[in-house]
Amino acid sequence: MYRIDTAWTSTATQVEDSLQAGRFVECGASQEKSFGWIEPRGVANGPLLEAVAGQWIIKLMVETRALPASVVNRKAQERVAQIEASTGRKPGKKETRDLKDDIRLELLPMAFTKQSSSLIWIDREARMLVIDAASQARADEVVTLLVQALPGFAAALINTQTSPAAAMAEWLLSQEAPAGFSVDRECELKAADESKAVVRYARHRLDTEEVQQHVREGKMPTRLAMTWAERVSFMLTEGLQLKKLAFLDGVFETAAKNKDDNFDADVAIATGELQKLLPDVLEALSGEMPVD
């Protein structure tokens, strides 16, 4: 979750025009990575920004060529052996690195490609940017690309007054979840000392003396499974990320009735739920940290 700078006031049309210059193009024969914007609705040559009930949806595609380092190293060793056999000298470190670069360029056209995408939700009224990404590194990459693509765009990660780890520890010790939430049956606890001991619970009651004892001994929660309003389940992490986000039975019943095109209904329902969930998560963590 990021807060968008108040100075950014671009319209949907302006954003669409800006994204067009960075449409996704597949990797070239000697290209290791390619990224660009694709149609969120999945319709070829459609708009790159979808506006649904005032919410903006964008989608980034990333394609990489999978070239295992072990293959490159093996080929490089073969080349080094050939040079030694023919010249009697062993290539130095720089020459070996150059050999690996040459081999990588030779093999890239034969390497398989892998694609992954990230959905991006912009709530202009709340100045909220939410990125569906597998890691913080990918989320940061998306923000960087948005800054490059959209004139004047800037966003910063949201920080809270109480750290997620401290809050989760308190909920486990008190056996009392914040209002509107329930603690589920999965968590991870990690020691902060040199032992780096880790305890993981899955499909296990967490309102036990054993869990409380681990927390008292200094093992801090790094992730905790929770449910909000019996409508959305998720895993809260120490980095204020919501993983394994899942909408529970009944949330999408309205969308299921319209089988022709669920995109608009799905977006409206999902963002509508998250517009209520995310502020509650921040409130449970004592609110946002003031920005200087």
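Look up a bit, the structure's there.
Residues numbered from 1 in each chain as written. Predicted model: local features only at pLDDT ≥ 70, side-chain atom pairs only at ≥ 80, totals over all residues. Heavy atoms only, no water.

**Q** What exactly am I supposed to notice about empty space enclosed by the protein here?
**A** To find leftover empty space, a probe the size of one water molecule is rolled over the atoms. Per the stated rule, a full pass over the model turns up 1 cavity of 30 Å³ or more. In this model, the largest cavity occupies a volume close to 40 Å³. As for the largest cavity, its lining consists of Trp171, Pro178, Phe181, Met226, Phe234, Leu236, Val281, Ala284 and Leu285. (1 Å grid on protein atoms, 1.4 Å probe; cavity = no way out; pocket = protein on both sides within 12 Å on 5 of 7 lines; lining within 4 Å. Points joined across faces, edges and corners; volume = space filled by probe spheres on them.)

**Q** Would you take a moment to explain the packing of aromatic side chains for this structure?
**A** Each aromatic ring pair is specified by the distance between its two centres and by the angle formed by the two planes. With the rule as written, the count across this model stands at 4 aromatic pairs. Centre to centre, the rings of Trp8 and Phe153 are 4.9 Å apart; their planes meet at 85°, and the pair counts as edge-to-face. Of this pair, Trp8 sits in the loop between β1 (2-4) and α1 (12-20) while Phe153 sits in the loop between α4 (136-149) and β7 (155-157), and the two are 145 residues apart along the sequence. On the accessibility criterion, Phe153 (4% relative accessible area) is buried. Note on Phe247 and Phe252: the rings are 5.2 Å apart at their centroids and 85° apart in plane angle, and the pair reads as edge-to-face. Judged by relative accessible area, which is 26%, Phe252 ranks as partly exposed. Put simply, the rings of Trp8, Trp56 and Phe153 touch in pairs and so form one group of aromatic residues. (Phe/Tyr/Trp six-rings, centres within 6.5 Å; stacked < 30°, edge-to-face > 60°. Helix = DSSP H or I, 4+ residues; strand = E, 2+ residues; numbered from the N terminus. Buried < 20%, exposed > 50% of the residue type's maximum accessible area, 1.4 Å probe, protein only.)

**Q** Where do I start with the layout of surface pockets in this structure?
**A** As a volume, the largest pocket reaches approximately 940 Å³. Lining the largest pocket are 36 residues, with Val130, Ile131, Asp132, Leu245 and Leu274 sitting closest to its centre. Elements that contribute at least two residues to the lining of the largest pocket include exactly β5 (112-123), β6 (128-132), α4, β12 (242-247) and α8 (263-284). Across the lining of the largest pocket, the residue classes tally to 24 nonpolar, 7 polar and 5 charged. (Nonpolar A, V, L, I, M, F, W, Y, C, P; charged D, E, K, R; others polar.)

**Q** Can you help me understand the environment of Leu172 in this one?
**A** Position of Leu172 relative to the elements: it lies in helix α5 (residues 164-174). C-alpha of Leu172 to C-alpha of Glu209: the two residues are 37 residues apart in sequence and 9.8 Å apart in space. Contacts of Leu172, omitting those with residues within four sequence positions, involve Leu189, Leu206, Val211, Gln212, Val215, Pro221 and Leu224. (Contact = heavy atoms within 4.5 Å.)

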